[in-house]
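Listed below are the residues making up each chain.
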Amino acid sequence: MIFPPERYWLRANFLDTPKRGQLRVLRDGALRIESGRIVVRTSTPPERTDLPVLDVRPSWVIPGLMDLHTHPPQTRVRGRAGLTLLAWLKTYVFPEERRFEDPAYARDRYREVFQEALQAGTTFLVGFMTVHVEALGVALEEAEASGLRVMLGLTLMDRAPESGLERDPRAQLREMEPLISRWHGREERFFLSLSPRFALACTEACMREAAAFAQAHDLWIQTHLSESLPEVREALRLYPWASSYTEIYDRVGLLGPRTLLAHGVHLQHEELRRIREKGAAVVHCPTANYFLHSGVMPREALLAHEIPFGLGSDVGAGMRYSLWEVMRDAYFVRREAPENLFYDATAGGARALGMEDRLGLLDVGYHADFVVMRANREEDPEEILRNWIFVERERAVEAVYVQGRCVASCDACCRPLTA
Ligand code: GUN
Ligand code: ZN
């Protein structure tokens, strides 16, 4: 039998968070999965069934984790401590990203990244790629082979002469068009974005071009906003007409409901208000903020303004493609109940992407993207969650499924289906 088949029952203990602060528990329940979607959720599974049954009890099943900000080309520059953002980019990141001119090098790196992410229980990964269109195509192929669900962004930089990464955005966008036709929106598993790197590396014309092109092709926008204070000062020096960093992006048309703004550590009240009004989302990357000593993000400001936000590992400023570590570090930033962190890593991330009707929960109509987690069935679910976040992390991951298909597992858990 092909593992798993098109249609099956999944028996497990289930844990998800329909709302921030609300942990939903279904013990000894079942999901019926058909063609990659959940079609039934029940606490009283049928005693007899013709369908195969994947019984993972006493393990638990959670929605796949959504890592909303990563740099897959930066895997090899992890842990380069000692510098802050701007010097770190120049010294370590730009030279490494230049190597992605070579598609073979890109393929090896991206293959490693996608495997690492899956093994940590990430089922949706948003990646800030490089300026190289060919390497972006390679990344999409590798994502397809890995089984991961992805949103990958072409980086735009037309004002960074010393980086060796400066490109003409019009030529890049033209070259990108075949990739959009082939991949964007396919199976709701592959999405493309444009990633004007940040205001320091882009001219106004480049950012306007990106906004118009994204609008015309329904692409997402990813960029960095207000990560460190020297960055904010430099942005305002380059754009003297702007009263804030956020205003730069707003004036060129980059803020909208399909915009992901990484970091937002140093935002003023007026900027938060504007982000909320435009429907953009923020990606909170606590590990990276600590690593580069960029500041401590006031998460309560996002919550007070009801700005949708998700979590990002932000490798290579973050250390590992593991949202378990990011949830832990988000706790260090702000003391919160574990179910809040779990929400931010799952349903909250889906909301930030505008995909809350199909990702982030274990519910009817949702994609069957889930992680089988080892835990003692008898324990209190909050206790279990705390133990995963602070102690076990990805060590507790037994298997990972995307669209109902097993895409990563350890030897112990590939349990045979009983028919
Ligand atoms: N700002 C602009 N580019 C980058 C990057 O690659 N990483 C981080 N952390 N911040 C950035
Ligand atoms: Zn980043």
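Check the entry above for the structure.
### Brief notes about the overall build of the protein chain
Secondary structure assignment for the protein chain yields 14 helices and 15 strands. By the compact-globule yardstick of 22 Å for 419 residues, the protein chain fits well, its C-alpha radius of gyration being 21 Å. Dimensions of the protein chain, computed from the C-alpha atoms along their principal axes, are close to 70 × 45 × 40 Å. Scored against the burial criterion, the 419 residues of the protein chain give a buried share of 51%. Pairs at least 24 residues apart make up 75% of the contacts formed inside the protein chain by residues separated by at least 6 positions.

### Describing the sheet that holds strand E12 (residues 309–311)
In spatial order, the strands read E5-E6-E7-E8-E9-E10-E11-E12; together these eight strands make up an open sheet with parallel pairing. Edge positions in the sheet fall to strand E5 (65–70) and E12, since each of these pairs with one other strand and no more. Neighbour-to-neighbour, the strand axes of this sheet turn through a mean angle of 25°, independent of strand direction. Two strands pair when backbone bridges link them, and strand E10 (residues 259–263) and strand E11 (residues 281–284) are joined in this way by three bridges, in the parallel orientation. Counterpart to leucine 260 in the pairing with E11 is alanine 281.

### Considerations on helix H12 (residues 338–345)
Judged by how many residues are buried, H12 sits mostly within the fold: eight of eight residues are covered. Taken as a whole, H12 has its buried residues at Pro338, Glu339, Asn340, Leu341, Phe342, Tyr343, Asp344 and Ala345.

### Examining the site of ligand 1
Taken together, the residues surrounding ligand 1 are His71, Leu85, Leu89, Val93, Arg197, Phe198, His224, Glu227, Ala288, Asp314 and Ala317. Its residues assigned to classes, the shell around ligand 1 comprises six nonpolar, two polar and three charged.

### A short note on the packing of helix H11 (residues 323–333) against helix H14 (residues 381–392)
Interaxial distance between H11 and H14 falls to 8 Å at its minimum, and their mutual angle equals 100°. In terms of their interaxial angle, H11 and H14 are classed as roughly perpendicular. Judged by residue contacts, Trp324, Met327 and Arg328 of H11 engage Trp388, Ile389 and Phe390 from H14. Here the contact of H11 with H14 is built from residues that sort into five nonpolar, no polar and one charged.

What counts, and where the lines are drawn
- Residues numbered from 1 in each chain as written.
- Chains lettered and ligands numbered in written order.
- Predicted model: local features only at pLDDT ≥ 70, side-chain atom pairs only at ≥ 80, totals over all residues.
- Helix = DSSP H or I, 4+ residues; strand = E, 2+ residues; numbered from the N terminus.
- Rg over C-alpha atoms; globule rule 2.2 N^0.38 Å.
- Buried ≥ 20, exposed ≤ 12 C-beta atoms within 10 Å, placed from the backbone.
- Contact = placed C-beta atoms within 7 Å.
- Pairing = 2+ DSSP bridges.
- Axes fitted to C-alpha atoms, helices over the stretch in contact; angles between N-to-C directions.
- Near = placed C-beta within 6 Å.
- Nonpolar A, V, L, I, M, F, W, Y, C, P; charged D, E, K, R; others polar.
- Parallel < 35°, antiparallel > 145°, perpendicular 65-115°, else oblique.

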